[in-house]
Amino acid sequence: MRYHPHTPDDVRTMLDAVGAKSLDDLFRSIPEKLRLGRPLDVPPALDEIALFAEFRRLAARNETAHPPFVGAGAYAHHVPPAVDQLLLRGEFFTAYTPYQPEISQGTLQALFEWQTFVCLLTGMEVSNASMYDGATATAEAALMATRITGRKKVAVSAAVHPEYRKVLATYVRATHEGIDVVPFAADGRTDLAALARAVDGDTAAVIVGYPNFLGVVEDLPAIAAVARKAGALTVSVTAEPVAFGLLQGPGALGADVAVGSMQSFGNPVGFGGPAPGFFATRDANVRQMPGRVCGATVDKQGRRGFVLTLSTREQHIRREKATSNICTNSGLCALAATMHLTLLGKKGLSELARLNFARARMLREAMKRAGFGLAFSGPTFNEQAFAVGDAGGVVARLARRGVAAGVPLERWFPDDPRTRGALLCAATELHSPEMIDLFAQSVRG
Amino acid sequence: MRYHPHTPDDVRTMLDAVGAKSLDDLFRSIPEKLRLGRPLDVPPALDEIALFAEFRRLAARNETAHPPFVGAGAYAHHVPPAVDQLLLRGEFFTAYTPYQPEISQGTLQALFEWQTFVCLLTGMEVSNASMYDGATATAEAALMATRITGRKKVAVSAAVHPEYRKVLATYVRATHEGIDVVPFAADGRTDLAALARAVDGDTAAVIVGYPNFLGVVEDLPAIAAVARKAGALTVSVTAEPVAFGLLQGPGALGADVAVGSMQSFGNPVGFGGPAPGFFATRDANVRQMPGRVCGATVDKQGRRGFVLTLSTREQHIRREKATSNICTNSGLCALAATMHLTLLGKKGLSELARLNFARARMLREAMKRAGFGLAFSGPTFNEQAFAVGDAGGVVARLARRGVAAGVPLERWFPDDPRTRGALLCAATELHSPEMIDLFAQSVRG
Amino acid sequence: MANPTGWKPAVERGAGGAADDLGVGLGGATRGIAYEEPLVFEHGSRGRTGVSLPPPGGDFDPAREIPGALLRAEVDGMPELSELEAVRHFTRISVWNHGIDTGFYPLGSCTMKYNPKSSEALARLPGFAGAHPLAAPELVQGSLELMWRLERTLSEIAGFEATTLSPAAGAHGELAGLMMIRAYHEARGNPRKKVLIPDTAHGTNPASAALNGYATVQLASGPDGRLHPEAVRAAMDEDVAAIMITNPNTLGVFESHIAEIAEVVHARGGLVYGDGANFNALLGVARPGDMGFDVMQYNLHKTFATPHGGGGPGSGPVGVKAVLAPFLPLPVVVHEGEHFRLVTDPKDRPQSIGKLREFWGNFGMFVRALALIRELGPEGLRATAQLAVLNANYVRAALEGTYNLPYDTDSLHEVVFDDKAQKATGVTTMDVAKRLIDHGFHPPTIYFPLVVHGALMIEPTETESKEMLDGFISAMKAIAEEAKRDPEAVKAAPTKPVRARLDEVRAARKPVLRWTPGMKVE
Amino acid sequence: MANPTGWKPAVERGAGGAADDLGVGLGGATRGIAYEEPLVFEHGSRGRTGVSLPPPGGDFDPAREIPGALLRAEVDGMPELSELEAVRHFTRISVWNHGIDTGFYPLGSCTMKYNPKSSEALARLPGFAGAHPLAAPELVQGSLELMWRLERTLSEIAGFEATTLSPAAGAHGELAGLMMIRAYHEARGNPRKKVLIPDTAHGTNPASAALNGYATVQLASGPDGRLHPEAVRAAMDEDVAAIMITNPNTLGVFESHIAEIAEVVHARGGLVYGDGANFNALLGVARPGDMGFDVMQYNLHKTFATPHGGGGPGSGPVGVKAVLAPFLPLPVVVHEGEHFRLVTDPKDRPQSIGKLREFWGNFGMFVRALALIRELGPEGLRATAQLAVLNANYVRAALEGTYNLPYDTDSLHEVVFDDKAQKATGVTTMDVAKRLIDHGFHPPTIYFPLVVHGALMIEPTETESKEMLDGFISAMKAIAEEAKRDPEAVKAAPTKPVRARLDEVRAARKPVLRWTPGMKVE
Ligand SMILES: Cc1ncc(COP(=O)(O)O)c(C=O)c1O
Ligand SMILES: Cc1ncc(COP(=O)(O)O)c(C=O)c1O
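All chains use their own residue numbering, which begins from 1 and follows the written sequence. Each chain is given a letter, starting from A, and each ligand a number, starting from 1, according to the order in which they appear as written. Note on the predicted model: pLDDT of at least 70 is required for a residue's local features to be given, and 80 or more for side-chain atom pairs to be given and counted; whole-chain, interface and lining totals, by contrast, use all residues. In computing side-chain properties, one takes all heavy atoms of the structure into account and sets aside hydrogens as well as water.

## Points about the site of ligand 1
Around ligand 1 there are 15 residues in total, and Thr328(A), Ser109(C), Asp275(C), His301(C) and Lys302(C) lie nearest to it. We call a residue near a molecule or strand as soon as one heavy atom of that residue lies within 4 Å of the molecule or strand. Looking at what sits near ligand 1, you find residues from chains A and C. Between N or O atoms, a polar contact is any pair within 3.5 Å; within protein, one atom must be a potential hydrogen donor and the other a potential acceptor, and residues adjacent in sequence are included only when both atoms are from side chains. A distance of 2.5 Å is found between an oxygen atom of ligand 1 and a side-chain nitrogen or oxygen belonging to Thr328(A). Take Gly170(C): an N or O atom from its main chain is 2.7 Å from an oxygen atom of ligand 1.

## Things to note about empty space enclosed by the protein
Left-over empty space is what a probe sized like a water molecule reveals as it rolls over the atoms. Think of a 1 Å grid over just the protein atoms. A cavity is a set of points where a 1.4 Å probe fits yet cannot get out, a pocket is an open set with protein on both sides within 12 Å along at least five of seven lines, and lining residues have an atom within 4 Å of a point. Grid points are joined across faces, edges and corners, and a volume is the space filled by probe spheres set on the points. The computed volume of the largest cavity comes to approximately 380 Å³. In this structure, the largest cavity is lined by 33 residues; those nearest its centre are Ile33(C), Val95(C), Ile33(D), Ala34(D) and Val95(D). Residue assignment for the lining of the largest cavity shows that the elements contributing at least two residues are β1 (29-35) and α2 (83-94) of chain C together with β1 (29-35) and α2 (83-94) of chain D. Residue type decides the class: Asp, Glu, Lys and Arg count as charged, Ala, Val, Leu, Ile, Met, Phe, Trp, Tyr, Cys and Pro as nonpolar, and the leftover types, Gly among them, as polar. Split by residue class, the lining of the largest cavity holds 16 nonpolar, 10 polar and seven charged. Strands are runs of DSSP state E lasting at least two residues, helices are runs of H or I lasting at least four, and both sets are numbered from the N terminus onward.

## What to know about the site of ligand 2
For ligand 2, the set of nearby residues contains 15 residues, the closest of which are Thr328(B), Ser109(D), Asp275(D), His301(D) and Lys302(D). Chains contributing residues to the immediate surroundings of ligand 2 are chains B and D. Between ligand 2 and the protein, one listed contact pairs an oxygen atom with a side-chain N or O atom of Tyr96(B) at 3.4 Å. Interatomic distance of 2.5 Å between a side-chain N/O atom of Ser109(D) and an oxygen atom of ligand 2. The protein chains shown are the only cover counted for residues, whose accessible areas, like all others here, come from Shrake-Rupley with a 1.4 Å probe. About the coverage of ligand 2: the protein hides 99% of its 390 Å² of free accessible area. No other element matches helix α6 (residues 170-187) of chain D, which puts three residues into the shell around ligand 2. Here the shell around ligand 2 is built from residues that sort into five nonpolar, seven polar and three charged.

## Describing the packing of aromatic side chains
Between the rings of Phe, Tyr and Trp (Trp by its six-membered ring), a pair exists once the centres lie within 6.5 Å; its type follows the angle of the planes, with under 30 degrees stacked, over 60 edge-to-face, and the other angles tilted. If you walk through the whole model with that rule in mind, you get 42 aromatic pairs over all chains. On the basis of an interplanar angle of 85° and a centroid distance of 5.6 Å, the ring pair of Phe184(B) and Phe413(B) is categorised as edge-to-face. In this pair, Phe184(B) sits in the loop between β3 (178-182) and α8 (192-198) while Phe413(B) sits in the loop between β11 (407-408) and β12 (422-426), placing the two residues 229 residues apart along the sequence. For Phe184(B), a relative accessible area of 3% corresponds to the buried category. Burial classification: accessible surface area is computed with a 1.4 Å probe over protein chains only, and a residue below 20% of its type maximum counts as buried, one above 50% as exposed, and the rest as partly exposed. A relative accessible area of 8% means that Phe413(B) is categorised as buried. Their ring planes at 85° and their centres at 5.7 Å tell us that Phe441(C) and Phe472(C) sit as a pair that is edge-to-face. Residue Phe441(C) is located in the loop between α11 (429-439) and β12 (445-446), and its partner Phe472(C) is located in helix α12 (residues 466-485); the two are separated by 31 residues in the primary sequence. For the residue pair Phe441(C) and Phe472(C), the accessibility class agrees, reading buried in each case. Ring pairs connect the aromatic residues Phe271(A), Phe128(C), Phe363(C) and Phe366(C), which therefore count as one cluster. Whether a charge sits over a ring comes down to the Lys NZ or Arg CZ being within 6 Å of the ring centre and within 35 degrees of the ring normal. Looking at Arg182(C), its charged tip hangs above the ring of Tyr214(C), at a distance of 5.1 Å from the centre.

## Some points on the state of the cysteines
Only a pair of cysteine sulfur atoms within 2.5 Å counts as a disulfide in this structure description. Enumeration according to the criterion identifies zero disulfides over all chains in this entry. We note that Cys327(A) lacks a disulfide partner, and the nearest cysteine sulfur, in Cys110(C), lies 7.5 Å from it.

## Things to note about the interface of chain C and chain A
By definition, residues are in contact when any of their heavy atoms lie within 4.5 Å. On the side of chain A, 194 residues touch chain C, which itself brings 213 residues to the contact. Together, the buried faces of chain C and chain A total about 17,500 Å²; carbon and sulfur atoms form 64% of this surface. The term salt bridge refers to a side-chain nitrogen of Lys or Arg lying within 4 Å of a carboxyl oxygen of Asp or Glu. The tally of links between chain C and chain A comes to 13 salt bridges. Here Asp24(A) and Arg382(C) are joined by a salt bridge, their closest N and O atoms 2.8 Å apart. Counting every contact that joins chain C to chain A gives 94 residue pairs in polar contact (both at pLDDT 80 or more). Residue contributions to the side of chain C that touches chain A peak at 27 residues, all from helix α10 (residues 363-399) of chain C. Here the quantity called buried area is the accessible surface, traced with a 1.4 Å probe, that two parts lose on coming together, added over both.

As structure tokens, this is what we get:
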């Protein structure tokens, strides 16, 4: 066994040193009747060649030759190969949470950089060291809002990613009074009037997508104004952070919390995980933030260095009074995002966002030529819902050609006639003009 | 341009510092009429996404889904992924030849390990730090033999890899009297009687394959005895070094020089290059060896360390009197081989060799069942020539199914009736028993 | 470890030299060249970039569609580095880190075992990395089959009836498990109010309980480090929804009364939650499902060697007995013949606690974990537990006497010492930990579990060799000696890394949590 | 470079501190933790392995087929390490190295520019890495097309009619070129006897000539570092087969008389060989084929950024004018329509010099080089030369006065200083080089070219930033200052790497070239 270094001699010597007669002896503290008297019923060991054959077979059962036209919370982007080659450096890859800062400065400085990137992109003042994903970050934002406001209700736009909304519901079920779902208008933006009606003195947070699940860019300042008036926090949720290269950060538009996923930077879609959730807010809320935080300090010789800090918020110190139960987060995914963002830089991010914007426009024009209009009229970034009629049929038909065509919105809004026949499609820099044309033609049939 | 860090400001400041008015100005030492007055006629720059699309298109024009049944000097083996992940570490990957030993100890220690591995496998006393490939290593062995013996003729077995023989011929054409090609016998081994006739007092070296190009294991002790009697050096050539896990090292069998390729360890077949050539010999010949050599020494504080040494043999010191013109070698490929050999270790190498031996036996049995016997009767390792009739037809037919079936020996021995219809096939650990059966059936048609 | 390179390890040095000069450590640690490196925001130059993007094509002006107030031309403060500058940056800062690939990492409770390189190659197969979570099921059969296989395999290994792969980490699994427990009780009419948690428990246990609306009741463990049935019996009532037990617990001790404790809890309608963080100790030897646990989370990033990457990602699947199966979160993988699909609609699973995260779980970790399990097979899994326990006991036997063992109960996969024996010297657990760095070892987990004052919690894992343990043991002994002879030298540690001890108090008092232009931290 | 991390670079230190204590270098070099590591043969333990292989299956005993004397059970001395031990070994020793990814690497004549990471991803595409060189042409059309494209592209870039990709490195390309020259002369009845080589030439030039059976005649370059037509004229006769010229030469100086020199040589039937090692200086600006060269080798591992990997591999394609095309080595790539194939049979190319290596060239390097060329395009290629030359001249302008410039002729891509100005201090080029390490920079090439006594040959390349050059310049100046103030400190360098200066004399006098059991080097 290549992972077990123990030679028979080693085992013998070590058993002697321990004073045990056999390996079984080491388990004498486990009552006989609790032991498993048989080998585990799992398949026999595979050698590495057979292992590769087996996993290649499985991977080949996925069809991924074409970049997906589905976004809906997971976005296929081109990640420069430098990211993965650097990420695989064992010093990063095989480290734990940086509990011993003197020999974890690599991870810590990168986390400090991540936190800064998150702040720059979102326009917020402070960020944590990452969350499990965008959905749990959203749920944690609601919980934080409750801690800050003492209120137990949240208002969430129906145009927030429905999977995020489900997670939010799961998280608050035991402790909260309920969730008010605020409908969206015909332009795909949250219905401001309905929002104003839904928000009251019991509302801890107003949660909206930016861009939202329909791909539409919300009028965040107006929403934040409604929330602020009611004393609620505005939580902005972003699943496609490339948009920040084009759109103002939510912090600059009145939001109090910005959460979401940074998967687009540095991380593959990878069947949905892992991906780095982010969580950013204003300085004033820092002691209510969930999760790890990295801070700058000095060492004994006065040199700048980094440590995990503000841990009195956290479970290992505060236990049941902690701001969250999170321990392991998505550090490596955050590092990948940090690397990709570093490579992009100011110019690259701006260009990438404009490129995505342009490709989505090409898709819109191609779909128009193919006879399909937009389902919603609001402004969008790189994702749009098209009225294609039999959206499920289109998805099935294109799947037979190996193409992931988009998602029918009916799946999440079965009762909303406005989503009937709407296919949500993303276009990124991976979709060349030729692919886009071909796609639109294939949607037509 | 992501590889050019110069901002327009940088360029201006730097031109000022240099006292030049423009970038063109920097080239004033090139006479006007020698300058290129136009842009190069190469395709316009590609962005990274288009670059990937273009190279994926090219890679997809190769069919490599099935492990090749061709060996003939390049062997497809399973390389544990640890090798490539370690190899890509920038400290190894982006270093030059270790001219500054204090900051090159990583490369140097690995080269020292490589040299040791080469010695252990070949049974030789000393090895250099790698050669371009097995063929040039063979040619360099002939040249060394001439330097040592003062003789200008070499005898080479017809069963040495024909491409190696061609290279040898190219290398010695200008400086040597000629090459005597010694035929092989019906068992695929070098004809000892013919060898004895060919070797005389003018013969610098006797060069044989081990295993030879026909896959056959030569009677190296007998060959070495013939050479020794005539005062010639015996050069053993190995293109499939996995055989050393099963076969005695040539040094233990009387050879004076062992050369060849270590591609099988750590390196992909990669359309034939790069691959690490090796060169090993006896201590007595060390000052006549070509190429770089790494040696152990101590630093100012008495700690063991490594340096390039014995450089008075080399071109940068001795210029036209150097033992070779080689400068850049195959260091990184040698490092990959060193990593793979380290992972294999004593047990793994022995197992791997036996596994290859067994798979070749399975192939033999399957081919027998399909009606094809061996073309040569001598002992083999993992490569064998089968009498299949229309070997070219078989190759063409299997190519249509995407399988590289082997090589027809007639290609290199058009005048030798014994090779007519013979297909040279390798079987390695990558060929499962099922693949082998299927292959043999497909050869039948 | 052999020592053929001419270096003089600390022990051979004698007492000479500066107070903080250890020489070469017993783990081979020495000093070499390293590089100071500013933040990415602190270097680079205007207009540089590290990427190569196509021109957008077309003429699409965002300002024509999106309100101007929502637009920005560029993100202020973003770095501007060439690709080489970026590559150097991360290459340089990486070597400031210690990882498993660098050396021994006996961080107790974290199971820092070797992360197989082959798993990295497999997880990167384009079929896996490129699969979209919302692609039509026909396009992702491989991913679904893999998930299905992993669920079954985990269920067998720990003895459960069903497993969900959704949770993103151990704590997330705890949350999921407690939610199922709550749903179970709710289905029977009363969600109950309390969760019992032993004092040895990890902080995530009470935090997960609280997040789920439960009050926590802390149970004292006995003088042998074990939870005793009497303590449970005394605290158990019909308001108790569940007990959370880590087995072996964070002292590395097997809760041998587990069956009786489970009976006590079950008898009054409660359920037993297992924190599976220490499951490595039991692989192939005993199954939590066979000893009374109703539900347990696996930590794939511990037991099944998926890389922890400086903080995550993790993966925390949860196994359950049949009673809890109806409450499993969504999605659930099902198959008809060779065809797999995900059940995501709550209508099909009306009792489900719902979704726990976007999409279906940390799939990349599933690939790696299943790869390891497939390579180990039944014998390898069992050997894993055996050798992990052997390693911990070997360290224990060697260090008993030198360091105080607060509980001398049998250890399984880890052993907890404290700094009582060093008290007189003034050297604390923190100092010992930092001095280990100078020897070349990552320190154990320190000051946890909380029941041990100044805990040193050592978990070697099965992938470490006897030679490595011997080196570590010598270093621990050398430090104990040094503490007597020269405590200041120990307190001055670490001396070898790029940074000396960092001022954590200052970090918390004057938080600087992000770069700002012109920032100075001095 | 910005310096926000609180470190004090050397210049701010003043004169205090131990003689050899530089503090933080001007390139950011400091000290951090590193690990001593024995040879792979010196650790591990009996029976360990780092691989997982299938059982052979069947019952095949080699002893039944192969004579016993030729068999061995196992290879004595082989290491026995677990996968983790092996991974740690190479991880630890890797950081003892300086690479381009670590920092500045201005090794003159070696063109140590950034090696794009995207090229590594492309070279690893299974279609490229898995292609067998002897597979039927239908199975390897992609490789053949790529080679064909690269040949054409290189020919255009340097102005030749045809290009062979076979040679494995620069020196191998020289050999190939001279062989073609010899074959050309032979075809005209007389192979001739001599090759003219300027005194600035790289050692491989005379060595390649000798290997080809030619005597070499060394030509003195003029006081401006250039070769002058008179010197050539004087040496040229009908016995001279060729002249070998590196342009720009190894002083970084353009051989501006090249056209006239070529005329002189051509007039008497000789040919002009170009050593293309310094071709980076000319990309898109001038073409050797347009200035009289008949043949030239490209060093893909220099000009086209393929990784050098601590010694190789390289790739040394050779471009030729039409007169030499019939003599090109085999194989030659040809195509009919979309279908590509290799001509390997000498019958089809009767004048070919034959094969130069097994198979078809270092294909992996072709992928990388073509990828870079495709990403650069015509403008990027030209910018490469321009910025490489700008960088060298910037360093030159800054260091003139501090270091002696033996030739003040215009520099192109590199500049050569010497240690004459430091003579009085006793500090030599070697000392300056070693002290640069302590600052954080790889030293330049030293003691080459031989025409300069104590040469310091600096080639920054175009991928380095102005800030990096500024740091390097300050370090060079600081060392010159230090040489005056405290020469012993300079001579004690380097102090930061894991090893101090190594005893090279001892290495050569008592060669220890491989591990042997129990080996001691002390
Ligand atoms: C005993 C125990 N329980 C729970 C956890 C939490 O697991 P995770 O970090 O994966 O959320 C840990 C992690 O260290 C642990 O050690
Ligand atoms: C001027 C010059 N010529 C030739 C060579 C030889 O090239 P290679 O090392 O690729 O064989 C070099 C290498 O350093 C060189 O600098």
